[in-house]
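# Residue-level structure breakdown
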Amino acid sequence: MEALALGRAPPGWRRPAGSAFPVLSILLSAFLLRAPPAVGYFARLPRSFRLTQDSLKIVGSSHFPVSVYVMLHQKSPHVLCVTQQLRNTELVDPSFQWHGPKGKIISENSTAQVTSTGSLIFQNFEESMSGVYTCFLEYRPTVEEVVKNLQLKYIVYAYRDPHFYYQFTARYHAAPCNSIYNISFERKLLQILSKLVLDLSCEVSLLKSECHRIKMQRAGLQNELFFTFSVSSIDTDKGRKPCTDHNCETSKRLSKAKNLIERFFNQQVEALGKRVEPLPEIYYIEGTLQMIWINRCFPGYGINSLKHPRCPECCVVCSPGSYNPRDGIHCFQCNSSLVFGAKACI
């Protein structure tokens, strides 16, 4: 099998039309035929609770605000206007009233509904709905006793899963840095890598490409291409079909994509080792492939396991007093920020 390479064309030679890099195509075809299916994967899904189940019910506390986490654009759990003790007690003539960031919540509200038993339920939760919600409960413990009042506070946070992907770098021996061969090779390499992971509903992006002259020990100067790529999951709305099987989970697909990419570069090393002709002008430099796993939150969200122990790997909307201006993983302190989900400190 030929190596992934681009050699100098001999004088007078012309490439066949439509086949700028036949060697690359041959390698890709052979690799796809020989590569076994990737069965191993790393379970990297967040360990957060899925707080969108209809059956999940959250009770309040008379001593401190209770945190509630609702996945963005999903239905919330039932937030009850009782404590754990009162939940198992008869209440005579109970009266419930909920107030949120925008004032009193009425039962006819289309996004936040109050049931006849006083439960608060959010439909299609939006980031702007994050905030402090207070329930006022009036009840009699028995018919003979006087009316009692209870106030319960909840802090409701929007959250979303992290945007995670693999970033990988590789180096190639190259033609002179101003050569058009390098540009053509870059395009073909990206095309091949993209095709490798297409069936996994993943995509490869070229983040950076640089050519440098390197002084080698006892070998003079040589030209090298430095590539940085990312491989990430294609969003469901961009994919060719929705993900329904458990093997379609993002972390599993990315792990399989990682295995395919690593095998692809290993195949190049094996091919060069079997080659009897002189090395081609452009070829992969053994041992330079590096792959790292990256977690990112969207602007306005951050991960904080100390502040949110019930959702330790969730990207939770930044609280007032903090912000996240970019796709990092933390919310930064900002005393002038007064809203949830701040993306700037103003």
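Located above this text is the structure these notes cover.
Quick look at the structure, then. (Residues numbered from 1 in each chain as written. Predicted model: local features only at pLDDT ≥ 70, side-chain atom pairs only at ≥ 80, totals over all residues. Heavy atoms only, no water.)

### Some details on helix α3 (residues 180–197)
Filter applied, for reference: Helix and strand assignments come from DSSP, with helices taken as H or I runs of at least 4 residues and strands as E runs of at least 2, each series counted from the N terminus. Any helix carries an expected span of 1.5 Å times its number of residues minus one. The buried label goes to any residue with under 20% of its type's maximum accessible area, the exposed label to any with over 50%, and the partly exposed label to all in between, with areas taken from a 1.4 Å probe on protein chains only. Each C-beta atom gives one direction from the helix axis, and the arc is the one those directions make. Polar contact is the term for a pair of N or O atoms within 3.5 Å; when the atoms are in protein, one must be able to donate a hydrogen and the other to accept it, and sequence-neighboring residues count only if both atoms are side-chain atoms.
Helix length check: α3 (18 residues) gives 27 Å between terminal C-alpha atoms against 26 Å at 1.5 Å per residue, within 8%. Considered for burial, the residues of α3 that qualify are N182, F185, K188, L189, I192, L193, L196 and V197. Around the axis of α3, the buried residues are gathered within 160° of arc, so they sit on the same side. Residues of α3 that are exposed and angled more than 90 degrees away from the buried face: I180, R187 and K195. If you check the start of α3, you find a side-chain oxygen 3.0 Å away from the backbone N of Y181, and it comes from S179.

### Points about the nonpolar core
Condition: Here, nonpolar core refers to any group of buried Ala, Val, Leu, Ile, Met, Phe, Trp, Tyr and Cys residues whose side-chain atoms link them within 4.5 Å. Contacts: residue pairs with any heavy atoms within 4.5 Å of one another.
Counting residues in hydrophobic clusters, the biggest one holds 40 residues, and the most contacted among them are W98, L120, F122, Y133, Y154 and V156. For this core, the secondary-structure elements that each account for two or more residues are β2 (57–60), β3 (66–71), β4 (78–83), β7 (112–114), β8 (120–122), β9 (131–140), β10 (148–160) and β17 (315–317). The greatest single-element share of this core, amounting to 7 residues, is contributed by β10. Discounting chain neighbours no more than four positions away, the residues touching F122 are Q74, K75, S76, T111, A112, M129, Y133 and V156.

### Thoughts on unusual backbone geometry
Located in the positive-phi region is D93, a residue other than glycine, with phi close to 50°. Relative to the elements of secondary structure, D93 occurs in strand β5 (residues 92–100). Among the residues examined, D93 registers a relative accessible area of 58% and is labelled exposed. At S201, a position not held by glycine, the phi torsion is positive, near 55°. By secondary structure assignment, the location of S201 is in the loop between α3 and β12 (202–216).

### So, the pairing of strand β11 (residues 163–173)
So the rule is basically this: The criterion for strand pairing is that DSSP finds at least two bridges linking the strands in question.
Sheet analysis places β11 next to strand β15 (residues 290–296), joined by 7 bridges and oriented antiparallel. What sits directly across from F164, in β15, is N295. Relative to strand β13 (residues 220–233), β11 runs antiparallel, the two being bridged by 8 bridges. Looking at β13, one finds that Q167 is bridged to S230. Alignment of β11 against strand β14 (residues 282–284), held across 2 bridges, turns out to be antiparallel. Each residue of the ladder has a partner; that of Y172, found in β14, is Y284.

Geometry only, nothing functional implied.
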